[in-house]
Amino acid sequence: MPPDNDPFVAVYTQHLGAVSAYLARRVDRDAVDDLAADVFAIAWRKRDRVADGEELPWLYRIASYVVANHRRQLASRTSVLARLTAQDSAPSAEDIVVADRALAEAWRALSARDREVLALGVVEGLTAAEVATALGITANAASIRLHRARTRLADLLGKVSDST
């Protein structure tokens, strides 16, 4: 630990508030203390490179580099998380359907009941028995609903394509 009369201790004491305020205007408050510590750790290692009277601008320059590195790390973490979650998640049934404009219009024209049975049976690929379990109905009722919903969707698609 440097003695209290060390010039670096004086620089630290005099400029910690200014450096912390500089950082607080650029990053989340919860990161300020850690980044300020990083700034002064770098300054300590490079203390022989600063001229007397230029300490604060020099510390601001170091802080700007520390902020840039912090932002890159945050962006990298966000990018990694996005790549990891993208593999675990899939678009919803509705997102898949609305990708095609004609299909999207026909889909919106269907009743909520028809959309649900089609989403489960066609988009999610469930069997009639699995759809029945998901909806709490018999397999026969699920099969009938799927057939009727497909027929209504086909009719709507024919109307949409005829109008375009």
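Residues numbered from 1 in each chain as written. Predicted model: local features only at pLDDT ≥ 70, side-chain atom pairs only at ≥ 80, totals over all residues. Heavy atoms only, no water.

Before going further, it helps to spend a moment on the overall build of the protein. Counting its secondary structure elements, the protein contains eight helices and zero strands. Reading the protein from its N terminus to its C terminus gives the helix and strand order α-α-α-α-α-α-α-α. Expressed as a percentage of its 164 residues, the buried residues of the protein come to 27%. Only carbon and sulfur atoms are counted for the fraction: they give 53% of the accessible area of the protein, which is about 11000 Å². (Helix = DSSP H or I, 4+ residues; strand = E, 2+ residues; numbered from the N terminus. Buried < 20%, exposed > 50% of the residue type's maximum accessible area, 1.4 Å probe, protein only. Areas by Shrake-Rupley, 256 points an atom, 1.4 Å probe, with all protein chains shown as cover.)

On to the nonpolar core, then. In terms of nonpolar packing, the biggest core is built from 20 residues, with Leu23, Val39 and Leu59 touching the most fellow members. Each residue touching Leu59, except ones within four places of it in the same chain, is listed here: Val11, His15, Val19, Val39, Phe40 and Ala43. Residues Ala106, Trp107, Ala149 and Leu153 belong to the second largest nonpolar core, which totals 14 residues. (Core = buried A, V, L, I, M, F, W, Y, C linked by side-chain atoms within 4.5 Å. Contact = heavy atoms within 4.5 Å.)

Quick look at the pattern of salt bridges now. Inspection of every chain in the model, using the stated rule, returns one salt bridge. Salt-bridge contacts for Asp114 lead to Arg152; the nearest nitrogen and oxygen are separated by 2.5 Å. Taken together, the residues Asp114 in helix α6 (residues 112–123) and Arg152 in helix α8 (residues 139–163) connect sequence positions 38 residues apart. (Salt bridge = Lys/Arg side-chain N within 4 Å of Asp/Glu carboxyl O.)

Considering all chains together, one arrives at four aromatic pairs under this definition. Between Phe8 and Trp44 the ring centres are 5.1 Å apart and the planes differ by 75°, which places this aromatic pair in the edge-to-face class. Note that Phe8 is positioned in helix α1 (residues 7–24) and Trp44 in helix α2 (residues 29–45), a separation of 36 residues in sequence. Here Phe8 falls in the buried class, since its relative accessible area comes to 12%. Relative accessible area serves as the criterion here: at 32%, Trp44 is assigned to the partly exposed category. Measuring from ring centre to ring centre gives 4.8 Å for Tyr12 and Phe40, while their planes differ by 75°; the resulting arrangement is edge-to-face. Taken together, the positions of Tyr12 in helix α1 and Phe40 in helix α2 put the pair 28 residues apart, joining distant regions of the chain. Judged by relative accessible area, Tyr12 falls into the partly exposed class, the value being 36%. Positioned over the ring face of Tyr22 is Arg26, at 3.7 Å from the centre of the ring. (Phe/Tyr/Trp six-rings, centres within 6.5 Å; stacked < 30°, edge-to-face > 60°. Lys NZ or Arg CZ within 6 Å of the ring centre and 35° of its normal.)

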